[in-house]
Amino acid sequence: MHPLDWTILLLTLFSIVAYGVWKTRNINTSQSYLQGDRDLPWWTIGLSVMATQASAITFLSTPGQAYNDGMRFLQFYFGLPIAMVVLCAFALPLYYKLNVYTAYEYLERRFDLRARSLTAILFLIQRGLAAGLTIYAPSIVLSELMGWSLDITILVMGIFVIFYTVSGGTKAVSVTQLHQMTIILVGMVVAVIIIVFRIPSDIGFNGAMDIAGQLGKLKVVDTDFSWNNRYNIWSGLIAGTFLFLSYFGADQSQVQRYLSGKSLAESRMGLLFNGIFKVPMQFMILFAGILVFVFYQFNKPPVHFNKANVLQLEASQYSDDYRQLNARYDSVFELKQTAVRTMLAATRNNDETLRDTARAQVQRLQKSAAGIQGEVDQLILKIDDKALVEDTDYVFLSFIMGYMPLGMIGLLLAIIFSAAWSSTSSELSALATTTVVDIYRRTAVKNRDDRHYLNASRWFTVLWGALALFFAYTASLFENLIQAVNIIGSLFYGAILGIFFVAFFMKKIGGRAVFYAALIAEAVVLLMFYLSGNVAKINGILADWASNSSEFFAASCTMAIWMVKAIGNVSYLWYNIFGCLLVMGIAWVLEKAKPERMG
Amino acid sequence: MSVQNTPVEDDQPPIAGSWNRLYAFVLLLHVAIIAALYLFTKVHS
């Protein structure tokens, strides 16, 4: 990397972190450490909420996802503005009225201690796992850039963010996020403009849109409903609303952000700001991936985007095979480029027959290219059968390193690091706050002086940082990072949201019923997730049983096979809604069966 | 740590006059954005 890029990268990161540490140098009570001084205006809250959600994964994975799969992922965010309005109307006034540190404190007031503790523990499990992924994602960038091992890079990344979160607590998180998010937004706009100018001048922006549209990359809204289609307008609006209600209303990493506002009105405005700008921001990030896709129709992309895998391949006994595959890939690329130009010319001339013929040829050549990429993946796996061959997360990074002008590489890497640190610091701060407020100070070590709890908060931040590092070492097991984060969230958010829904809207149900209902619902959701990954295996066993048993038992097995297939095909976004409805339904039944005397 | 009720000063929003109007504005804007994206999909497919 050029010295100018290094200067921009290091100056941006160090100045933001130094500012955060300096600004919070007088933090000396547990309240200011865990809750901030409750003096933030709405724009800081809004940007802080956005920065917490937009991790480095957002900037690494999302453009790659658009490159491969088009823009339909945007529908995932369609429920977010609805969730913001619901939370502003119902949850925020309640949190402010009760003057809580964490969302889970409210549950003890409404139900009892075990409901509060269970919800806090569910949050700690899912957020602790996700924090590992948010450290892992930018570590891929740095390890590739520096030539360091991934393990060392994860360690260096984590220690830096742990340092400034331990130093300034939740306020350090907010004041750094304001600047980090500003850099992120400005940088992404500049990046999109530069990518547009990188597209060949005879194609232009309109041509790029025509090509992407013809190849199905601009299909944002899909109105066809299907349980196993992850991204359509219905899963986005219905299941997505539940996911975001849970994430913003019951996930302490977000609740802590807006509870730092100087008034209820400022917090509400911050969330509504997020509701208005989130979808356009995600559109811009996905659109960057589409433009990179068009760019690579006229500039040969690497046959495999993960450079580390390619270097390993070139140095192996399979290097000749790799070179042959690369040469075939070159030929396919040249043919595809010609076909794309023909398709565009036909589109411009309104020659539908030629356009359709050319498009079919482009699609055939895309399949050939994908076939060659699959063969390269197989070669990589021959060298190391545990190698990660999924390279979606490397697409945008590879483009930045190869084609961005001097200075922009540094700025874009600063975006990725800013995003990583902003979300990780929120997570660590929230994990420490929940551990201290809902577990440690509430049940384990009571009635100590404030100094003790301030020190405990700092130590718990370090502990959660260390656990996040541990989880980061296992993150390479996931195929696509952004999906992995959302899947982990969806496994737990349904039950958490169900507990809050019962608290808000089912006033006659007590703590015992909601506690057992949440345990049962969580078990069901985890079972559904297990089934989704093991449909073939389980149905194989059931089919064996069916063939060796009585007619009645065989019919039962056949029905079970159908059910396993149906449940296993349900997309993870729906777990949020199922988990939530299960808690509400089971709690209602339990309360009816054995009513609890409400105090 | 005791949870205490705190009187909440429910400030008016800086724009739109009331929170309900502001919520309606955010939701209508969202509907307009989805409609625009639907048109975008139709035009480019």
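Higher on the page you've got the structure.
Here is a short report on the structure shown in this document. (Residues numbered from 1 in each chain as written. Chains lettered and ligands numbered in written order. Predicted model: local features only at pLDDT ≥ 70, side-chain atom pairs only at ≥ 80, totals over all residues. Heavy atoms only, no water.)

## Considerations on empty space enclosed by the protein
Any space left empty among the atoms is revealed by the rolling of a water-sized probe across them.
Residues and elements named next belong to chain A.
Here's step 1: For the coordinates displayed, the defined rule picks out five cavities of 30 Å³ or more.
Here's step 2: By volume, the largest cavity amounts to about 310 Å³.
Here's step 3: Together, 24 residues line the largest cavity, and Gln53, Arg127, Tyr247, Val485 and Asn486 are the ones closest to its centre.
Here's step 4: Considering each element in turn, the lining of the largest cavity owes the most residues, five residues, to helix α19 (residues 481–505).
Here's step 5: In this model, the second largest cavity occupies a volume close to 100 Å³.
Here's step 6: Lining the second largest cavity, in full, are Val86, Leu87, Phe90, Ala91, Tyr95, Leu245, Gly249, Leu497, Phe500, Phe501, Phe504 and Phe505.
Here's step 7: Of the residues in the lining of the second largest cavity, the class split is 11 nonpolar, one polar and no charged. (1 Å grid on protein atoms, 1.4 Å probe; cavity = no way out; pocket = protein on both sides within 12 Å on 5 of 7 lines; lining within 4 Å. Points joined across faces, edges and corners; volume = space filled by probe spheres on them. Helix = DSSP H or I, 4+ residues; strand = E, 2+ residues; numbered from the N terminus. Nonpolar A, V, L, I, M, F, W, Y, C, P; charged D, E, K, R; others polar.)

## A look at the pattern of salt bridges
Residue and element names in this part refer to chain A.
Here's step 1: In total, this model carries 14 salt bridges over all chains according to the counting rule given.
Here's step 2: Put simply, Arg116 and Glu108 hold a salt bridge, and the shortest N to O gap is 2.4 Å.
Here's step 3: One salt bridge connects Glu427 with Arg127, and the closest N-O pair in it is separated by 2.7 Å. Of this pair, Glu427 sits in helix α17 (residues 408–444) while Arg127 sits in helix α7 (residues 113–146), and the two are 300 residues apart along the sequence. Comparing Glu427 with Arg127 shows no difference in burial state: the two are buried.
Here's step 4: Through salt bridges with shared partners, a single ionic network connects Glu108, Arg116, Asp438 and Arg442. (Salt bridge = Lys/Arg side-chain N within 4 Å of Asp/Glu carboxyl O. Buried < 20%, exposed > 50% of the residue type's maximum accessible area, 1.4 Å probe, protein only.)

## Digging into unusual backbone geometry
Residues and elements named next belong to chain A.
Here's step 1: Although it is not a glycine, Asn99 sits at a positive phi angle of roughly 50 degrees.
Here's step 2: Looking at where Asn99 falls in the secondary structure, it is placed in the loop between α5 (80–98) and α6 (103–110).
Here's step 3: Overall, the relative accessible area of 29% leaves Asn99 in the partly exposed class.

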